[in-house]
Structure formats: structure tokens, C-alpha cells
Amino acid sequence: MNEEFMREAIHLSLENMQKNAGWPFGAVIVKDGKIVGRGWNQVTSTNDPTAHAEVVAIRDACKNLWTFQLDDCELYTSCEPCPMCLWAIYRARPKIVYYGNTKQDAADIGFDDNFIYEELKKPLAERKIPLLPLLRDEAIVVFKARTAKQDKIEY
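Residues numbered from 1 in each chain as written. Predicted model: local features only at pLDDT ≥ 70, side-chain atom pairs only at ≥ 80, totals over all residues. Heavy atoms only, no water.

> How would you sum up the overall build of the chain? Please name residues and give values.
Looking only at helices and strands, one finds seven helices and four strands in the chain. Order of helices (α) and strands (β) in the chain, N terminus to C terminus: α-β-β-α-α-β-α-β-α-α-α. Considering the chain as a whole, with its 155 residues, one finds that 34% of them fall into the buried category. Across the chain, every contact between residues at least 6 apart in sequence was considered, and the portion connecting residues at least 24 apart equals 49%. Carbon together with sulfur atoms contributes 58% to the accessible area of the chain, which is approximately 10,500 Å² in total. Of the side-chain charges in the chain, 20 are positive and 23 negative, and the distance between the mean point of each set is 6 Å. (Helix = DSSP H or I, 4+ residues; strand = E, 2+ residues; numbered from the N terminus. Buried < 20%, exposed > 50% of the residue type's maximum accessible area, 1.4 Å probe, protein only. Contact = heavy atoms within 4.5 Å. Areas by Shrake-Rupley, 256 points an atom, 1.4 Å probe, with all protein chains shown as cover. Lys, Arg positive; Asp, Glu negative; His and termini not counted. Charge placed at Lys NZ, Arg CZ, Asp CG, Glu CD.)

> Can you explain helix H4 (residues 83-92)? Please cite residues and give values.
For H4, the full list of buried residues reads Pro83, Cys85, Ala88, Ile89 and Ala92. Against the buried residues of H4 lie helix H3 (53-65), strand E3 (73-79), strand E4 (96-101) and helix H6 (114-121). Of the residues trailing H4, Arg93 is marked for its positive phi of about 65°.

> Now, about the state of the cysteines: what can you tell me, with residues and values included?
Inspection of every chain in the model, using the stated rule, returns zero disulfides. With no disulfide partner, Cys73 has as its closest neighbouring cysteine sulfur the one in Cys62, 8.0 Å distant. No disulfide involves Cys82; its sulfur sits 3.6 Å from that of Cys85, the nearest cysteine. By relative accessible area, which is 9% here, Cys82 ends up buried. (Disulfide = S-S within 2.5 Å.)

> Lay out the packing of aromatic side chains in plain terms, naming residues and giving numbers.
Under the counting rule described, the total for this entry stands at four aromatic pairs. Here the aromatic rings of Phe5 and Tyr76 are separated by 5.4 Å at their centres, their planes lie at 55°, and the arrangement is tilted. Residue Phe5 is located in helix H1 (residues 3-18), and its partner Tyr76 is located in strand E3; the two are separated by 71 residues in the primary sequence. Its relative accessible area of 12% is what places Phe5 among the buried residues. An aromatic cluster is defined as three or more aromatic residues linked by ring pairs; in this entry it consists of Phe5, Tyr76 and Tyr98. For Lys103, the ring lying beneath its charged end belongs to Tyr117, and the centroid distance is 4.4 Å. (Phe/Tyr/Trp six-rings, centres within 6.5 Å; stacked < 30°, edge-to-face > 60°. Lys NZ or Arg CZ within 6 Å of the ring centre and 35° of its normal.)

> Can you tell me about the sheet that holds strand E2 (residues 34-40), naming the residues and giving the values?
Read from one edge to the other, the open sheet built from four strands follows the order E2-E1-E3-E4, with strand pairing classed as mixed. Two strands lie at the open edges of the sheet, namely E2 and E4, each paired on one side alone. On average, each strand axis in the sheet is tilted by 15° relative to the strand beside it, whichever way the strands run. In the sheet, strand E1 (residues 26-31) pairs with E2 via six bridges, with the strands oriented antiparallel. Looking at E2, one finds that Ala27 is bridged to Gly39. Strand contacts of H3: E1, E2 and E3, with the helix running at about 140° to E2, the strand carrying the most contacts. (Pairing = 2+ DSSP bridges. Axes fitted to C-alpha atoms, helices over the stretch in contact; angles between N-to-C directions.)

In C-alpha cells:
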């Protein structure tokens, strides 16, 4: 753990919030004691609802390291990750995550993801946004082809 890396994440959150680049969230990814990825919330400045600090930092680190896995990396984020970022973190597989503010702190300033946690508990038919199956018999053909593919890249 290195407090300077957390301070950089916090600095990114402040600097870019002051520039109106997005909400006050920042993140850095560290490998072997060096920052390899930086990110800050860019949702409102890029019109991309997935451009959260952690996701942007993951994209930056993966690009810089030429990999889709961050196994030997640490992630420092200015706030406890939201459900989307948490999913991205688990997919990227860093070895540890450090966070500053809590999800309650984020809720207190108007960034409340509790409704997503509650939605995930509900059956599909009771969710606010319907999820309906369509053409599974056609879509499954691609999954079967992937299973049979000899030169596939494991993930």
C-alpha cells in the first residue's frame, strides 16, 4: 500500500471535477511501484455512462501494458467502486483495490447506486428495465462455435 498513489487518485478526482470533466472520482493502477493507468470520471464530458474513473483507468492500464488482465497490479480509487466498476475490476483481476470514500459518502453527494443493488435482487420480470430473451436458438450457435474453436484466447 502506498498513500501517494491514493493521493494521486484523489488529485485526479478533484482536478477533473473542478474542470467539469465529470463527477469527483479518480483512480490509478499501479504495477511494480509505478502508475500504469490513470482515470477520472468522464461521464458528462464524453457522454459515455460507462466512463467511470475505475473503468477509464483499467482501459488505460490495459492499453499501456498490452494486456486484458491486470493480475500483478493494484488499483487505488478515490471512492468505493459502484456495481459496474466492481464488475470491471473483477474482470481485470488486479490483486488488490484500495478506496478512499465509501459508497455511502457517494450517496450523500447524490451518487447513489443502491437502486442497482436492489434491482439485482429482483427476478427479471420485476426489474424497472425489462430483460427479455430473444433468438436464443440462433445466438447459442455462436457460443457453441466458440467452444469448438481450437485457437481461442482464454479469458
